[in-house]
Each structure stands twice: as structure tokens, then as C-alpha cells.
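Below, each chain spelled out in residue letters.
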Amino acid sequence: MTTRAVTLLRGSLGLVFVWFGALKVADVTPVADLVARTVPWLDRQLLLVSLGAAEVVLGVALWLGRRLRWVAAVALVHLLGTFLVLVVQPQAAFQAGNPLLLTTEGEFVVKNIVLITACLVLMSASQPRQSEDLIGARK
């Protein structure tokens, strides 16, 4: 069951990354302006294409499952970056400045807590269990 669950988690997280990344590359994502306003010193088009391409690559890497600990760690760092919206654009994330009242954009960012947790699960699932290492060493 655990192996299947990890495979499903890799697949679903990979799908989200590929889908969201492709929307950015095609410049049809509903969060394009939010992303561009978060890092206004970068060229909007270059930012969207670069970010989108990186997300597609991460998604495919999750599907492949190789070097999963590293891929999940990079995805985790990327997802942490989305929280810049809360710092740089609090007016876009919170209603009337109240951090308990999220806007649609705020909800979009905060839901990444679940995706970050998924990355942590994948990072831990890719490590050999200590008991398996000990059993293998005894043989």
C-alpha cells in the first residue's frame, strides 16, 4: 500500500507541476499578473516562461521518480518561494490586511502547505529504511 501511495503522490504532484507550468509557458495562467507583481524587477515574459519550464521539468522528474529526494527538495524550495506573495503583496493575499481572511490569491498560496507536505513525504519515502539497511547488512 505504501509503495502505491507514494507512486500516486508522485504522479499527482507531477501532474500539478506539469499542468501549472504549461499554463505559465503558454501565458494563459490566471496567476500571471500575481507572479509578475511579486517579482517586478524581472521581465514578466521571461519570468513566466522560465518558471513554467522549471515546473514542467520538475513534474516530469516527479513522474520518473529518479533522485526523488533531490527532485522533491527542489520542488519544496520552489513552493516555499510562492509565499513571497504574502510578504511582497499582502494586499493581494489578505482581505483588509487581516491575515486570517484570505483572498482567492491568498488561498492559492496557502494551499501550497499541502504540496510542501507532499514533497516532505516523497523525500522521506525515497530514503531506504534503516531496518532494511540493517537486514541487508546482515545477509
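Above this note sits the structure.
Given the structure is predicted, the values throughout are model-derived calculations rather than measurements.

Criteria and thresholds
Residues numbered from 1 in each chain as written. Predicted model: local features only at pLDDT ≥ 70, side-chain atom pairs only at ≥ 80, totals over all residues. Heavy atoms only, no water. Core = buried A, V, L, I, M, F, W, Y, C linked by side-chain atoms within 4.5 Å. Buried < 20%, exposed > 50% of the residue type's maximum accessible area, 1.4 Å probe, protein only. Helix = DSSP H or I, 4+ residues; strand = E, 2+ residues; numbered from the N terminus. Contact = heavy atoms within 4.5 Å. Expected span 1.5 Å × (residues − 1). Arc of directions from axis to C-beta.

A word on the nonpolar core. Core analysis: the largest hydrophobic core is formed by 25 residues, its most contacted members being Leu13, Phe17, Leu62, Leu79, Leu86, Cys119 and Leu122. Looking at this core, the elements with two or more residues in it are helix H1 (2-25), helix H3 (44-64), helix H4 (68-81), helix H5 (84-88), helix H6 (90-93) and helix H8 (112-125). The contacts of Cys119, once residues within four sequence positions are left out, are Leu13, Ala72, Ala75, Leu76 and Leu79. Among the nonpolar cores identified, the runner-up in size contains 6 residues, and Ala32, Val39, Leu47 and Leu48 belong to it.

What follows concerns H8. A turn of α-helix holds 3.6 residues, and therefore any two residues three or four places apart point the same way. The terminal C-alpha atoms of H8, which comprises 14 residues, lie 20 Å apart, in line with the 20 Å expected from a rise of 1.5 Å per residue. Turning to H8, its buried residues are Asn112, Leu115, Ile116, Ala118, Cys119 and Leu122. End-on, the buried residues of H8 take up no more than an arc of 155°, which puts them together on one face. Packing partners of the buried residues in H8 comprise H1, H3, H4 and helix H7 (104-110).

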